[in-house]
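# Breakdown of the fold
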Amino acid sequence: MKNILANRPDIDEFSGCCNGVRLAIESAEHYLAGHPSLYSLGSIVHNAVEIDRLSKLGLKIIGYEAFEGLGKGDAVLIRAHGEPPETYLSASGRGVELIDCTCPVVKALQRKISATRDRIRGCGGQIVIFGKHGHAEVLGLVGQTSGEAVVVDSIAGFDEAVSAGAMSLSRPIALFSQTTKDPVQYKALADHIGSRLPAGAPPMEVFNTICHQVALRHSRLQEFARSHDVVIFVCGAASSNGKVLFENCLSVNPRSFRVESADDLDMGVFRPGDKVGICGATSTPRWQLEKIADLIKKNDTFAD
């Protein structure tokens, strides 16, 4: 038997849960250390493996229907994605305790969108949000505008919104982005909208609202992927951020493989002498990356 790999797999130092998700998980753990259970309005993290671990501690994931049935004595965690104002009003009216773990970056973005909507509403201004339709963070952002914001997920999506009459190029536009979107795609969208504005149209406002920590991951992750022969990217199947970051790796290293847990790992993808890199999404806990690295090292042999 011989070792396949050149050395132990490298773990990307910038991967792992972002600060917002990490603080939400720590808040849940802290509360559950002194209480038998805690509700989370929506999945606290888009990672089935981590959810399973937290569920065993007493975390219970619920939807809005179940949330409306709670009352005094119940505690609900607001995840890092944030919630629209209606959620807070509803909880207050029923005496539900909220543990607000909205990411500070998301919270600041919510306030900025709300203030901008109030400022430009009188002159017919429009809020446009570059984000994933139906994403929890995006729903919270749209809620700051009483549902008036237009959400687009691509350049084509923007053009469709204009064609459908959902917005007008002759009215003022304020452009924001979901905090975890690709900064390159966001700039491309902003440039495209700018090129479509008719002569004499009000200038568009473009707000830099992508999380700085997330934005840096895009370029750093590409560097990491280029510097390894094979990349194992760890993230939950439901993570939109994971999908974007994995495609980022794949764009520079075709030998990038996405796994949700150790059960998905295929040792057959490795070749003798490979330098292996392990990285993950903003919803991937560090312990998962370590577990994958240990598993690879443990099985790092092949028959002569």
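This text follows the structure it describes.
Residues numbered from 1 in each chain as written. Predicted model: local features only at pLDDT ≥ 70, side-chain atom pairs only at ≥ 80, totals over all residues. Heavy atoms only, no water.

Packing of helix H7 (residues 155-163) against helix H8 (residues 183-196) leaves a shortest axis separation of 9 Å and a crossing angle of 35°. In this structure, H7 meets H8 at a crossing whose hand is right-handed. For the pair H7 and H8, contact is made by Ile155, Phe158, Asp159 and Val162 and by Ala188, Leu189, His192, Ile193 and Arg196, respectively. By residue class, the composition of the contact of H7 with H8 is six nonpolar, one polar and two charged. (Axes fitted to C-alpha atoms, helices over the stretch in contact; angles between N-to-C directions. Helix = DSSP H or I, 4+ residues; strand = E, 2+ residues; numbered from the N terminus. Left-handed = near helix turned anticlockwise from the far one by under 90°. Contact = heavy atoms within 4.5 Å. Nonpolar A, V, L, I, M, F, W, Y, C, P; charged D, E, K, R; others polar.)

To continue, consider H7. Restricting attention to buried positions, one finds in H7 the residues Gly157, Phe158, Ala161 and Val162. Down the axis of H7, the smallest arc covering the buried residues is 140°, so these residues share one side. Exposed side of H7, more than 90 degrees from the buried face: Glu160 and Ser163 are the residues found there. For H7, the secondary structure elements touched by its buried residues are strand S7 (150-152) and H8. At the exit of H7 stands Gly165, carrying a positive phi of roughly 80°. (Buried < 20%, exposed > 50% of the residue type's maximum accessible area, 1.4 Å probe, protein only. Arc of directions from axis to C-beta.)

So, on to the side chain of Ser40. Along the chain, Ser40 turns up in strand S2 (residues 38-41). A distance of 2.7 Å separates a polar atom in the side chain of Ser40 from the backbone oxygen of Gly42. If we ignore the near neighbours within four places in the chain, the residues touching Ser40 are Leu59, Lys60, Ile61, Ile62 and Leu77. (Polar contact = N/O pair within 3.5 Å; in protein donor to acceptor, adjacent residues only side chain to side chain.)

To continue, consider unusual backbone geometry. One non-glycine residue, Ser146, adopts positive backbone phi at about 55°. Along the chain, Ser146 falls in the loop between helix H6 (136-143) and S7.

In this section: the environment of Asn299. Within the secondary structure, Asn299 sits in the segment after helix H11 (286-298). By relative accessible area, Asn299 is classed as partly exposed at 34%. Measuring from C-alpha to C-alpha, the distance between Asn299 and Asn3 comes to 8.9 Å, with 296 residues separating the pair along the chain.

A few words now on the pattern of salt bridges. On inspection of all chains with the given rule, the structure shows 13 salt bridges. Here Glu50 and Arg53 are joined by a salt bridge, their closest N and O atoms 2.8 Å apart. Of the two residues, Glu50 and Arg53 are both situated in helix H2 (residues 48-57); the distance of three residues between them amounts to about one turn of the helix. Glu50 gets classed as buried once you look at its relative accessible area, which sits at 2%. Between Asp191 and Lys187 there is a salt bridge, with its nearest N and O atoms 2.8 Å apart. Placement of the pair is Asp191 and Lys187 together in helix H8, with a separation of four residues, close to one helical turn. Among the residues examined, Lys187 registers a relative accessible area of 53% and is labelled exposed. Where salt bridges share partners, they join Arg117, Asp118, Arg121 and Glu148 into one cluster. (Salt bridge = Lys/Arg side-chain N within 4 Å of Asp/Glu carboxyl O.)

Now for the sheet that holds strand S8 (residues 173-177). Within the open sheet, the four strands sit side by side as S7-S6-S8-S9. Their pairing is parallel. If you trace the sheet from one side to the other, it starts and ends with S7 and strand S9 (205-206), each paired once. Judged from the two bridges that link them, S8 and S9 form a sheet pairing that is parallel. When the sheet's bridge partners are listed, Leu175 is paired in S9 with Val206. Sheet strands in contact with helix H5 (residues 104-120) are strand S6 (126-130), S8 and S9, and its direction is about 170° off that of S8. Sitting on the sheet, H8 touches S6, S7, S8 and S9, and the angle it makes with S8 is about 170°. (Pairing = 2+ DSSP bridges.)

Looking now at the packing of aromatic side chains. Taken as a whole and assessed by the stated rule, the structure comprises three aromatic pairs. Ring geometry for Phe130 against Tyr186: centres 5.9 Å apart, planes inclined by 5°, an arrangement best described as stacked. With Phe130 in strand S6 and Tyr186 in helix H8, this pair connects stretches of sequence that are 56 residues apart. Residue class for Phe130 comes out buried when judged on its relative accessible area of 2%. According to the relative accessible area criterion, Tyr186 is buried, its value standing at 7%. An angle of 5° between the planes, with centres 4.3 Å apart, marks the rings of Phe176 and Phe207 as stacked. With a gap of 31 residues between them, Phe176 in strand S8 and Phe207 in the loop between S9 and helix H9 (212-226) connect regions that are remote in the sequence. (Phe/Tyr/Trp six-rings, centres within 6.5 Å; stacked < 30°, edge-to-face > 60°.)

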